[in-house]
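Close look at the chain arrangement
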Amino acid sequence: MIFIDRNLVNAPEELIDENGAGKKELAKAIAHYTSANRDKAYDKYNAYKLENVKEALKKLSKNKCAYCESIFLHAHVGDIEHFRPKGGVEFEYKVCQHCEQEYPKYSDGIVENKVCTHCGEAPTGSKKQLAKLTKKKMIKPGYYWLAADWNNLFLSCRNCNQKSKQLLANAVELESVGKMNQFPLLDENLRLKTHTDLLENEENVRLLINPSVEDPEDYFEYDIESGVIRAKKTNDLIEKRALASIKIYSLQRVPLVHLREKKIVDISRQMKRVERELRNVNTFYDPDNPDTHTFVESLQEELAILKGFLNEKEEFVGLAKQMIGTFLMENFQIDINAA
Ligand SMILES: [Zn+2]
Ligand SMILES: [Zn+2]
């Protein structure tokens, strides 16, 4: 995952114009949820599906999945993903079998085999019985007022956006992963309920990383042996958000980890070529001897190929920046983040 700068792409007129499809739809959704009918779900969201919206989203994340950075449009048309789910939020929680207190999955409170902070009792029973204490429900109506909000939309691949059973790296059993309607918070009491609530109030307790708000490089690092993605442990919040995002976007699914591993091999090979050319320059280059100038040219060619991995149109630029950033700093004192 890398930072996605929304300032670089114009928001589609259909979504921002006062008389455009997006604002009209928003007015209808608000009217519905402030009417006596509000207990029924409103489901006539279409503005986000407009062709121009999809095109703008493709441009925004350089034709890649905003979450896993895969190039996939040749195999699938791509999902338009609502960062905050429009129709309802899937809420996973644990129930204390003694006092029935509910604990959201990602909040502090009851954790596996620890005592309930409400009644002081510990969960007991077989693994199967303990598994039954985890339950799910849908919080309705969801973020209906953000269904056609440009800032709430991303292009995503199916595996990140939809639920499926996946084998994750270092696991033996398949697990149900993929974002779908999940949007966990650190404090459920701060969840926004209506279009008049202020987004800022929820931002501090949001767990999922929004690649166009924060820089994912502050949250993730990659194991450059295996391609496994890891949470940075800079502080507790960073680690929690990174772990929740890895899980929910299914960033540890085996086929994805394998592709990252392949990228690591390609980058490592290119680094070796650069190192070889650098040695040649250091050994043979003589400014006064034109015959040796080709060594500099060769070095520059190999360096250009290496820097090509940092082009945001390529897959897994987050990983490439970690590897190549260190390499260029050590060997050439080049800072890839300097403008
Ligand atoms: Zn993806
Ligand atoms: Zn309890």
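About the criteria used
- Residues numbered from 1 in each chain as written.
- Chains lettered and ligands numbered in written order.
- Predicted model: local features only at pLDDT ≥ 70, side-chain atom pairs only at ≥ 80, totals over all residues.
- Axes fitted to C-alpha atoms, helices over the stretch in contact; angles between N-to-C directions.
- Helix = DSSP H or I, 4+ residues; strand = E, 2+ residues; numbered from the N terminus.
- Parallel < 35°, antiparallel > 145°, perpendicular 65-115°, else oblique.
- Left-handed = near helix turned anticlockwise from the far one by under 90°.
- Contact = placed C-beta atoms within 7 Å.
- Nonpolar A, V, L, I, M, F, W, Y, C, P; charged D, E, K, R; others polar.
- Buried ≥ 20, exposed ≤ 12 C-beta atoms within 10 Å, placed from the backbone.
- Pairing = 2+ DSSP bridges.
- Domains from an automatic or database assignment.
- Arc of directions from axis to C-beta.

In this section: the packing of helix 8 (residues 254-284) against helix 10 (residues 317-332). At a closest axis distance of 10 Å, the pairing of helix 8 and helix 10 adopts a crossing angle of 15°. The angle between helix 8 and helix 10 falls in the class roughly parallel. Note that helix 8 runs across helix 10; the crossing there is right-handed. Between helix 8 and helix 10, the residues in contact are Arg 260, Lys 263, Ile 267, Met 271 and Leu 278 and Leu 319, Ala 320, Met 323, Ile 324, Phe 327 and Asn 331, respectively. Taken together, the residues that form the contact of helix 8 with helix 10 break down as 8 nonpolar, 1 polar and 2 charged.

Cis rather than trans, the peptide bond between Lys 140 and Pro 141 has omega equal to 5°. You can see Pro 141 is positioned in the loop between strand 4 (134-139) and strand 5 (153-156). Here Lys 62, not a glycine, exhibits a phi torsion of approximately 55°, which is positive. Here Lys 62 is to be found in the loop between helix 3 (51-60) and strand 1 (79-82). Look at Phe 316: it is not a glycine, yet its phi comes out positive at around 55°. With respect to the secondary-structure elements, Phe 316 resides in the loop between helix 9 (293-308) and helix 10. In this structure Phe 316 comes out as buried when scored by C-beta crowding, with 27 C-beta atoms within 10 Å.

A few words on the environment of Leu 299. Mapped onto the elements, Leu 299 comes out in helix 9. With 22 C-beta atoms packed within 10 Å, Leu 299 lands in the buried category. As for Leu 299 and Asn 311, which are separated by 12 residues in sequence, their C-alpha atoms are 19 Å apart. Beyond its immediate chain neighbours, meaning those up to four positions away, Leu 299 contacts Glu 277, Leu 278 and Val 281.

Taken together, 3 strands build an open sheet; the order of strands is 3-2-4 and the sheet is antiparallel. Only two strands of the sheet have a single neighbouring strand rather than two, namely strand 3 (102-104) and strand 4. Taking the axes of each pair of neighbouring strands and ignoring which way they run, one obtains an average angle of 40° across the sheet. Bridge count for strand 2 (residues 89-95) against strand 3 is 3 bridges, and the pairing is antiparallel. Counted as the bridge partner of Tyr 93 is Pro 104 from strand 3.

Right, let's talk about the domain arrangement of the protein chain for a bit. Split by domain assignment, the protein chain resolves into domain 1 (6-81 + 145-248), domain 2 (89-139) and domain 3 (255-332). In this complex, domain 1 contributes 10 residues to the contact, which on the side of domain 2 involves 6 residues. The class makeup of the residues in the side of domain 1 that touches domain 2 is 6 nonpolar, 2 polar and 2 charged.

This part is about helix 3. Taken as a whole, helix 3 has its buried residues at Val 53, Ala 56, Leu 57 and Leu 60. Relative to the axis of helix 3, the buried residues are bounded by an arc of 100° and lie together on one face. Contacts made by the buried residues of helix 3 are with helix 1 (13-16), strand 1 and strand 5. Looking one or two residues beyond helix 3, the residue adopting positive phi is Lys 62, at roughly 55°.

Running from N to C, helix 8 and helix 9 cross one another at 160°; their axes reach a closest spacing of 9 Å. Our classification of the angle between helix 8 and helix 9 gives roughly antiparallel. Helix-helix and strand crossings are classified by hand; for helix 8 and helix 9 the assignment is left-handed. Contact residues: Gln 270, Met 271, Arg 273, Val 274, Glu 277, Leu 278, Asn 280, Val 281 and Phe 284 in helix 8; Phe 295, Val 296, Ser 298, Leu 299, Glu 302, Leu 303, Ile 305 and Leu 306 in helix 9. Of the residues belonging to the contact of helix 8 with helix 9, the class tally is 11 nonpolar, 3 polar and 3 charged.

This next bit is on the pairing of strand 4. Taken across its 6 residues, strand 4 has 0 buried, putting it largely on the surface. Pairing analysis gives 6 bridges linking strand 2 to strand 4, with the strands arranged antiparallel. Across the sheet, residue Lys 94 finds its bridge partner in strand 4, namely Thr 134.

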